[in-house]
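The lines below spell out each chain.
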Amino acid sequence: MLFTDYLYENSKEVWDKYLEHPFLIELGEGTLDKEKFRKYLIQDYLYLIEYAKVYAMACVKSRNMKELKKFHNGVAGSIETETANHIMYLKDFGENIENMEFKYKLNMTNESYTSYMKSISVTGTIEEIVAAVLPCTWSYNYIGLKLKEKYKDKLEGNFFESWIETYASDEYVAFKNEWLDFTNELCENLPQDTKEKLKDIFLRASKYELEFWNMAYKGE
Ligand SMILES: Cc1ncc(CO)c(N)n1
């Protein structure tokens, strides 16, 4: 069994809940309250800044060029490629992008999740850092693809279409697949107790993802 399948199987119950989440159903239907979406995007923009630092710490810990390039790519993917879509929406909402980190603060859910990953980035191994960051990229691609599949005939004119297309795009699929391959290469031959520790980290981060959707829907 692929190591990533082992991670997924153990977290499947949580991942199933993403697909039933009202925030994502309404986003797919195009009926989500735009104010909720605006607030979510602001938190997510702040999230990506902290998330990039987790990869940055892994850059420092890299043991070879391959790892360094991978994590460097993670930094760039988070704060350049992925934020492009956030910036487009946020500008549309009238936000000043230069000012985001000063005007807004991470809320408690966001702070808990990013603090958790940053603490692993400081105290953990390279493999532990990978287990902490993987649910982020992977679950967003999982959600993007499922929403695209479910609403493919109804996406035109959906305000959130660009969000869905970003996470269902070929580039994002390729990015996710590279991370799955990298994780499997790194982890397939590890001792069982280490694998179990990584499985727990992956589950914890997956639960934080669900908390993030709850926060986005209910407000905080
Ligand atoms: C909370 C959260 N998780 C994952 C991603 C995907 O990078 C994101 N943008 N935000």
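Residues numbered from 1 in each chain as written. Predicted model: local features only at pLDDT ≥ 70, side-chain atom pairs only at ≥ 80, totals over all residues. Heavy atoms only, no water.

**Student:** How should helix H4 (residues 65-92) be read in this particular structure?
**Tutor:** Because an α-helix packs 3.6 residues into every turn, residues spaced three or four apart end up facing the same way. Relative to the 40 Å expected for 28 residues at 1.5 Å per residue, H4 spans 40 Å between its end C-alpha atoms, a close match to the ideal helical length. The largest bend along H4 measures about 50° and falls at Thr 83. You can read the cap of H4 off the contacts: a side-chain oxygen lies 3.2 Å from the backbone nitrogen of Lys 66, and it is on Asn 64. Once H4 finishes, Gly 94 follows within two positions and takes phi at roughly 85°, a positive value. (Helix = DSSP H or I, 4+ residues; strand = E, 2+ residues; numbered from the N terminus. Expected span 1.5 Å × (residues − 1). Bend = angle between axes of the 7 residues up to and from the residue. Polar contact = N/O pair within 3.5 Å; in protein donor to acceptor, adjacent residues only side chain to side chain.)

**Student:** Quick question: what am I supposed to make of the packing of helix H2 (residues 22-29) against helix H10 (residues 192-218) here?
**Tutor:** A pair of packed helices is characterised by two quantities: the angle between their axes and the separation of those axes. The interhelical angle for the contact between H2 and H10, taken along N-to-C directions, is 65°, at an axis separation of 8 Å. As the angle between them shows, H2 and H10 are arranged roughly perpendicular. Across the interface between the two elements, Pro 22, Phe 23, Leu 24 and Glu 26 from H2 touch Trp 213, Ala 216 and Tyr 217 from H10. (Axes fitted to C-alpha atoms, helices over the stretch in contact; angles between N-to-C directions. Parallel < 35°, antiparallel > 145°, perpendicular 65-115°, else oblique. Contact = heavy atoms within 4.5 Å.)

**Student:** Can you walk me through the state of the cysteines in this structure?
**Tutor:** When the sulfur atoms of two cysteines share a covalent bond, that bond is a disulfide. Throughout the structure, instances matching the rule amount to zero disulfides. For the unlinked cysteine Cys 59, the closest cysteine sulfur is that of Cys 136, found at 16 Å. The exposure class of Cys 136 is buried, given its relative accessible area of 4%. (Disulfide = S-S within 2.5 Å. Buried < 20%, exposed > 50% of the residue type's maximum accessible area, 1.4 Å probe, protein only.)

**Student:** What exactly am I supposed to notice about the environment of Thr 125 here?
**Tutor:** Among the structural elements, Thr 125 can be located in the loop between helix H6 (108-123) and helix H7 (126-151). For the pair Thr 125 and Glu 26, spaced 99 residues apart in sequence, the C-alpha separation works out to 38 Å.

**Student:** Teacher, can you tell me more about helix H8 (residues 161-168) here?
**Tutor:** By the burial criterion, the buried members of H8 are Trp 163, Ile 164, Tyr 167 and Ala 168. Axial view of H8: buried residues confined to an arc of 120°, hence all on one face. In this structure, the buried residues of H8 make contact with H2, helix H3 (34-61), H4, H7, helix H9 (170-187) and H10. (Arc of directions from axis to C-beta.)

**Student:** Is there a simple way to think about the UniProt feature "domain: Thiaminase-2/PQQC" (unreviewed entry) in the protein chain in this case?
**Tutor:** Per the UniProt record, "domain: Thiaminase-2/PQQC" (unreviewed entry) is found at residues 10-218. For residues 10-218, the helix share is 83%, the strand share is 0%, and the end-to-end C-alpha distance is 27 Å. (UniProt positions renumbered as here; feature names shortened; annotations may be inferred.)

**Student:** Could you clarify how one ought to interpret the site of the ligand in this entry?
**Tutor:** As a structural note, the neighbourhood of the ligand is formed by Asp 44, Tyr 47, Leu 48, Glu 82, Cys 136, Tyr 140, Tyr 167, Tyr 172, Glu 209 and Phe 212. The separation between a nitrogen atom of the ligand and a polar side-chain atom of Asp 44 is 2.5 Å. Between the ligand and Tyr 140 there is a distance of 3.2 Å, counted from a nitrogen atom to a side-chain nitrogen or oxygen. Here the ligand has 290 Å² of accessible area as a free molecule, and 100% of this is covered by the chains. Put simply, the parts of the chain that give the shell around the ligand at least two residues each are H3, H7 and H10. Sorting elements by how many residues they give to the shell around the ligand places H3 first, with three residues. Looking at side-chain class alone, the shell around the ligand contains seven nonpolar, no polar and three charged residues. (Near = heavy atom within 4 Å. Areas by Shrake-Rupley, 256 points an atom, 1.4 Å probe, with all protein chains shown as cover. Nonpolar A, V, L, I, M, F, W, Y, C, P; charged D, E, K, R; others polar.)

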